[in-house]
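# Observations on chain architecture
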Amino acid sequence: MATATAEDLAVRTDDLGKTYGDRPAVIGLDLAVPRGVTFGFLGPNGAGKTTTLSMLCTLLRPTAGRAFVGGHDVVREPHAVRERIGLVFQETTLDLDLTAREALRFHAELFGTPWRQSRRTVAALLELVGLTESQGRPVREFSGGMRRRLEIARGLLTAPQVLFLDEPTTGLDPQTRTVIWEHLHRLREERGITLFLTTHHLEEAENCDRLAIIDNGQIEVEGSPAELKAEVGDDTVVLRTCDDAGAALLVRERFGVAASSGPDGVRLSVSDGAAFVPKFCAEAGIPVLSATVTPPSLDDVFLHHTGRTIRTERGGPLTVDDVGRRR
Ligand SMILES: Nc1ncnc2c1ncn2[C@@H]1O[C@H](COP(=O)(O)OP(=O)(O)OP(=O)(O)O)[C@@H](O)[C@H]1O
């Protein structure tokens, strides 16, 4: 059970659960998300991220526990919750025939915003997401990144306290992801709102102040990206030498560190890989052809807590390019 009161927090859940038929999708979720942070819900496909987000946005009724957004109960006070949130869906829901400005004006009207005010709001939001220049063009002509920025602007029309984003940069190329994140960071700084996003991209997760790793409907661990990586601990060192089997033996006997020799070389884990490598080179007497030191990544954190590596939609493990290896 979270200790802060629901009113102090942007999002709080107490033992929240959702079962589809007899199949549990989210189990015993306890979350306490402070106001004004970027909170990431990181997990593989089918982990329960969208189900959680849908419950928090009042689109899906929980089958167990309670959830509060901005201090309001999502089941008992759905209108109060809806007044305080914005939502950016995973799939695009834009009318492609409208211009960017028309799309926002149309939605502002749906929300009942007076015409004069809506003109000002829409202009400010287009500016915020860098679409002022393109506001008169039909959405059909927009790139994936521009469409996503427009959807983010649309999610902000009601001046929400919490903006929920379901996989905000999935399907976008790495450069476009970076641009979207520049806008999200700016949005956070300028408006101080809480961003609550789901993702299975490690690169995206690195942008969050706090992360909860979810797998099979349950939270495995929660903390800042730096805390989570520090907890996992050691650097991985891979050495290629002229005699890998002999080098592995030396690492074990002289340095007291477990090491295995495989097709990619000698692999070992130490707390400070950058200090270990020169020491090994000086003492080994075996020529070292190459050495790679890799600090723990969020994928290592995921592996550590779930025993599996997080996977992309393509079904394979994330590559270094996917991960971006940002630390
Ligand atoms: N309407 C539904 N009816 C039955 N089962 C569902 C329904 N929606 C989701 N599920 C199941 O619940 C589990 C969690 O799904 P959910 O969509 O929340 O995962 P996710 O983490 O958002 O995955 P993704 O990254 O693919 O969107 C999955 O096993 C999924 O098959």
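Starting afresh in each chain, residues are numbered from 1 along the sequence in its written order. Since the coordinates come from a predicted model, pLDDT governs what is reported: local features require at least 70, and pairs of side-chain atoms require 80 or more to be given and counted, while whole-chain, interface and lining totals use all residues. Only heavy atoms go into the side-chain values, all of them from the structure, while hydrogens and water stay out.

## Section: the overall build of the protein
- Here a helix means four or more residues in a row that DSSP labels H or I, a strand means two or more in a row labelled E, and each is numbered from the N terminus. In terms of helices and strands, the protein carries 12 helices and 14 strands.
- Along the longest, intermediate and shortest principal axes, the C-alpha atoms of the protein span 80 × 45 × 35 Å.
- Relative accessibility thresholds used throughout: buried, under 20% of the residue-type maximum; exposed, over 50%; partly exposed, between the two (1.4 Å probe, protein chains only). Put simply, the protein has 327 residues, and 50% of those count as buried.
- Summarising the internal contacts of the protein: among those between residues at least 6 apart in sequence, 68% fall at separations of at least 24.
- Methods summary: accessible areas were calculated by the Shrake-Rupley approach with a probe of 1.4 Å, and residue burial reflects only the protein chains presented. When the accessible surface of the protein is split by element, carbon and sulfur atoms take 49% of a total near 15,300 Å².
- Positive: Lys, Arg. Negative: Asp, Glu. His and the chain ends are not part of the count. Where a charge lies is defined by one atom per residue type, namely NZ (Lys), CZ (Arg), CG (Asp) and CD (Glu). Each charge class in the protein can be summarised by its mean position, and for the 38 positive and 46 negative side chains these summaries are 5 Å apart. Working rule for contacts: check all heavy atoms of both residues, and any pair within 4.5 Å makes them a contact.

## A short note on helix α11 (residues 298-306)
- The complete set of buried residues in α11 reads Leu298, Asp299, Val301, Phe302 and Thr306. Along α11, the residues classed as buried sweep out an arc of 155° about the axis, all on the same side.
- As for α11, its buried residues are in contact with α7 (202-205), β9 (210-215), β10 (218-223) and α8 (225-232).
- One side-chain oxygen of the residue at the start of α11 lies 3.2 Å from the amide nitrogen of aspartate 299, identifying that residue as serine 297. Note that the arc is defined by the directions from the helix axis to the C-beta atoms. Whenever a nitrogen or oxygen atom comes within 3.5 Å of another N or O atom, the pair is scored as a polar contact, on the condition that within protein one atom can donate a hydrogen and the other can accept it, and that pairs from neighbouring residues in sequence are kept only if both atoms are in side chains.

## Some thoughts on the UniProt feature "domain: ABC transporter" (unreviewed entry) in the protein
- UniProt positions are given in the numbering used here, feature names are shortened, and annotations may be inferred rather than shown by experiment. In the UniProt entry, the feature "domain: ABC transporter" (unreviewed entry) is given for residues 11-241.
- Its end C-alpha atoms 52 Å apart, residues 11-241 is made of 35% helix and 30% strand.

## Some remarks on the sheet that holds strand β13 (residues 265-270)
- Strand order in the open sheet formed by four strands is β12-β13-β11-β14, and the pairing between neighbours is antiparallel. For this open sheet the edge positions go to β12 (259-262) and β14 (288-294), each flanked by a neighbour on one side alone. Across the sheet, the mean angle separating the axes of adjacent strands is 20° when strand polarity is ignored.
- Direction of pairing for β12 relative to β13: antiparallel, over a ladder of four bridges. When the bridges of β13 are listed, serine 260 appears paired with arginine 267.
- Contacting β11 (235-241), β12 and β13, helix α9 (residues 244-255) runs over the sheet at an angle of about 175° to β12.
- Here an axis means a line fitted to C-alpha atoms, over the contact stretch when the element is a helix, while the angle between two N-to-C directions is reported on a 0 to 180 degree scale. Helix-sheet contacts for helix α10 (residues 273-284) involve β11, β13 and β14, and the interaxial angle to β11 is about 25°. For two strands to pair, DSSP has to find at least two bridges joining them.

## Here's the deal with the site of the ligand
- We call a residue near a molecule or strand as soon as one heavy atom of that residue lies within 4 Å of the molecule or strand. Gly46, Gly48, Lys49, Thr50 and Thr51 are the nearest of the 13 residues found near the ligand.
- Arginine 23 places a side-chain nitrogen or oxygen 3.3 Å from an oxygen atom of the ligand.
- The separation between an oxygen atom of the ligand and a polar main-chain atom of alanine 47 is 3.0 Å.
- Here the ligand loses 63% of its free accessible area of 630 Å² to cover by the protein chains.
- Every element with two or more residues in the shell around the ligand is listed here: β2 (23-34) and α1 (49-56).
- Residues are grouped as follows: Ala, Val, Leu, Ile, Met, Phe, Trp, Tyr, Cys and Pro are nonpolar; Asp, Glu, Lys and Arg are charged; every other residue, Gly included, is polar. Considered class by class, the residues forming the shell around the ligand number four nonpolar, six polar and three charged.

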